[in-house]
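Inside the fold
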Amino acid sequence: MKKIIAMIAIAAIMITGCSQGESADPNKPLAGTTINVYNWGDYIAEDTIENFTEATGIKVIYETFDSNEIMYAKYKSGAVDYDVLLPSDYMIEKLIAEDELLPLNKENIPNLSYIEDEFMNQGFDPESKYAVPYMWGTLGILYNTNMVQDGVDSWDILWDETYKGQVIMMNSVRDSFAVALKILGYSLNAKDQGQVDEALKLLVDQAPLVQAYVVDEAKDKMIGEEAALCVTFQGTAYMAMDENENLAYALPEEGTNLWIDAMVIPKSSKNQAAAEAFINFMCDPQIAFNNTDYIEYSTPHSEVKKMLDADVVSDPSAYPSAEYLSKCEVYIDLGSEMTSYYNEKWNELKANLN
C-alpha cells in the first residue's frame, strides 16, 4: 500500500510538473491559455494562427464574419466570450459608446510603435485608447475588362441596363447605401431620412440588374467570370485579380468609403494579457507583412510599407492620392435611431427582391 501511495504521489508530482512546465518557459508566460478571435473572412495569412501558437503557446479558437452587423449581433448575444474582435471604424465607435471595450495596456503591445501616426487618434477612437489599426482600404468596383467595354469611372455604371444580371452588390447595409448616396451627392453618413429614402429608391430601381447581394462569395464569382461588375473592398479585388488577369479595380470619381479595421478587446474577454499578446504578434513586422502580402489590403504599418514592392505602394488604387482621399469618407456610428432606419429601408429593399 505504501508503494502504491508513493507511486501515486510521484505521478501527481510529474503531472503537476508537466502542467506547470508548459507555462514555466519565460518566453511563453501565457502558454496553455486559450483565446477566442473573431475576424473578417479571408483576412489573415493561412499560417498566422499556427505561428502565434507556436511562438507563445497560446491557443486560438478562430471564427469569421462577413459584416460588422453580423459581428456585432453575435458578440452582443453573449454566445461566446470573445477576446479579440476586428471591427471597422464606425462599429468600434459604437462599441466604445456602449462601454463594450477594454482599454489597452500598451506596455503589452510594444509593436504598436510601428503603426503610422495618421492612423492613430482617429475620430472613432480619439485617444487610440481601445483600437490598434490592422488594415485600411476603399470600397470600389471590380470589373471584367472583357465583359465591360465602357470606362469604369463612376458608380453610375452599376445602373446601366447593358449589364442586367451581371452586377454584384454588397450584402451590407452601409456599403450598398453608400453607393447610392454617393451618386446622389450625399454624405455616406447621411442622417436625413429623406436622403436615405432617395437612396432606397435608387437601389430599388437597380435591383432588377443585380445578380446577387453577397460579400465573401463575390471574389469567386468574379474569378469564375459569373458577373461583369462587382462592388467590393480593394483587398478582395486584388486577390481576385491575382487569379484572373481579365479583372481590374476602379475607384469611382464621386469618391467612396475610406475604412479602417482595427483590433480591439471586448469586455467579454477573460484573457486580456493573452489578447494583447495576439495583437502585438499581429503588429510584428514580419507577421504584418505576411498578412498584408496574403490579403492585399493597404497597411498602416510603417515597416511593412518598406518591405512591399515599390509598384504596390505606388499603385493609386491601393494607396490613393491625397486629392482622391479628400473625396472619401470614413463611416461614423449613425446612432440607434438612424441605424434602425437604415435597417428598415434595407429590409424594404430585400422585400422588393422576392
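Just above, that's the structure.
These notes cover the structure that comes with them.

Turning next to the overall build of the protein. Helix and strand counts for the protein come out as 14 helices and nine strands. Projected onto its principal axes, the C-alpha coordinates of the protein cover approximately 90 × 45 × 40 Å. Looking at the protein as a whole, 53% of its 354 residues are labelled buried. At a minimum sequence separation of 6, the contacts of the protein that also span at least 24 residues come to 74%. A total accessible area of about 15800 Å² is found for the protein, and carbon and sulfur atoms account for 50% of it. For the protein, the distance from the average position of its 23 positive side-chain charges to the average position of its 58 negative side-chain charges is 10 Å.

Here the focus is the packing of helix α2 (residues 48-56) against helix α9 (residues 272-282). Direction vectors running N to C along α2 and α9 enclose 120°, while the axes themselves pass 11 Å from each other. Classified by the interaxial angle, the pair formed by α2 and α9 is oblique. Here α2 and α9 pass one another in a crossing that is right-handed. Of the residues in α9, those touching α2 at Thr48, Ile49, Asn51, Phe52 and Ala55 are Ala274, Ala277, Phe278, Phe281 and Met282. When grouped by side-chain class, the residues that make up the contact of α2 with α9 number eight nonpolar, two polar and no charged.

Pairing in this open sheet of three strands is parallel, and the strands run β2-β1-β3 from one edge to the other. Each of the sheet's edge strands pairs with one partner strand only, and the pair in question is β2 (59-65) and β3 (84-85). Each of β1 (34-40) and β3 touches α9; the most contacted strand, β1, lies at about 45° to it.

Our focus in this paragraph is the pattern of salt bridges. Under the criterion given, the structure shown has 15 salt bridges. Linking glutamate 100 and lysine 76 is a salt bridge whose minimum nitrogen-to-oxygen distance equals 2.8 Å. Linking glutamate 100 in the loop between α4 (89-97) and β4 (132-144) with lysine 76 in helix α3 (residues 68-77), this pair joins segments that are 24 residues apart in sequence. By relative accessible area, glutamate 100 is classed as buried at 16%. Across the salt bridge formed by lysine 305 and glutamate 116, the nearest N and O atoms sit 3.6 Å from each other. A residue pair is termed long-range when its members are at least 10 positions apart, and lysine 305 in helix α11 (residues 302-307) and glutamate 116 in the loop between α4 and β4 qualify at 189 residues. On the basis of relative accessible area, glutamate 116 is assigned to the buried category, the value being 18%. Connected via shared salt-bridge partners are Lys76, Lys94, Glu98 and Glu100.

The nonpolar side chains of a soluble globular protein tend to be buried with one another. By size, the foremost hydrophobic cluster in this structure holds 122 residues, and its most contacted members are Leu158, Phe177 and Leu229. When residues in this core are grouped by element, the largest group, eight residues, is from β4. Each residue touching leucine 229, except ones within four places of it in the same chain, is listed here: Ile141, Leu142, Tyr143, Val148, Val152, Ile157, Leu158, Tyr163, Gln166, Val167, Ile168 and Met222.

Note on placement: alanine 248 falls in strand β8 (residues 247-250). Among the residues examined, alanine 248 registers a relative accessible area of 16% and is labelled buried. Considered as a pair, alanine 248 and isoleucine 141 are 107 residues apart in the sequence and their alpha carbons are 8.3 Å apart. If near-sequence neighbours (up to four positions away) are discounted, alanine 248 is found in contact with Ile141, Leu142, Tyr143, Thr145 and Met241.

So, about the side chain of serine 298. Within the secondary structure, serine 298 is located in the loop between α10 (285-295) and α11. Of the polar contacts made by the side chain of serine 298, one reaches the backbone oxygen of alanine 318; its length is 2.4 Å. Residues contacting serine 298, with those up to four places away along its chain left out, are Met135, Trp136, Gln234, Ala318 and Tyr319.

Here we come to the environment of glutamate 217. With respect to the secondary-structure elements, glutamate 217 resides in helix α7 (residues 217-223). For glutamate 217, a relative accessible area of 43% translates into the label partly exposed. Sequence spacing of glutamate 217 and isoleucine 168 is 49 residues, and the spatial spacing of their C-alpha atoms is 9.9 Å.

What counts and how
- Residues numbered from 1 in each chain as written.
- Predicted model: local features only at pLDDT ≥ 70, side-chain atom pairs only at ≥ 80, totals over all residues.
- Heavy atoms only, no water.
- Helix = DSSP H or I, 4+ residues; strand = E, 2+ residues; numbered from the N terminus.
- Buried < 20%, exposed > 50% of the residue type's maximum accessible area, 1.4 Å probe, protein only.
- Contact = heavy atoms within 4.5 Å.
- Areas by Shrake-Rupley, 256 points an atom, 1.4 Å probe, with all protein chains shown as cover.
- Lys, Arg positive; Asp, Glu negative; His and termini not counted.
- Charge placed at Lys NZ, Arg CZ, Asp CG, Glu CD.
- Axes fitted to C-alpha atoms, helices over the stretch in contact; angles between N-to-C directions.
- Parallel < 35°, antiparallel > 145°, perpendicular 65-115°, else oblique.
- Left-handed = near helix turned anticlockwise from the far one by under 90°.
- Nonpolar A, V, L, I, M, F, W, Y, C, P; charged D, E, K, R; others polar.
- Pairing = 2+ DSSP bridges.
- Salt bridge = Lys/Arg side-chain N within 4 Å of Asp/Glu carboxyl O.
- Core = buried A, V, L, I, M, F, W, Y, C linked by side-chain atoms within 4.5 Å.
- Polar contact = N/O pair within 3.5 Å; in protein donor to acceptor, adjacent residues only side chain to side chain.

What is shown is where atoms sit, not what they do.
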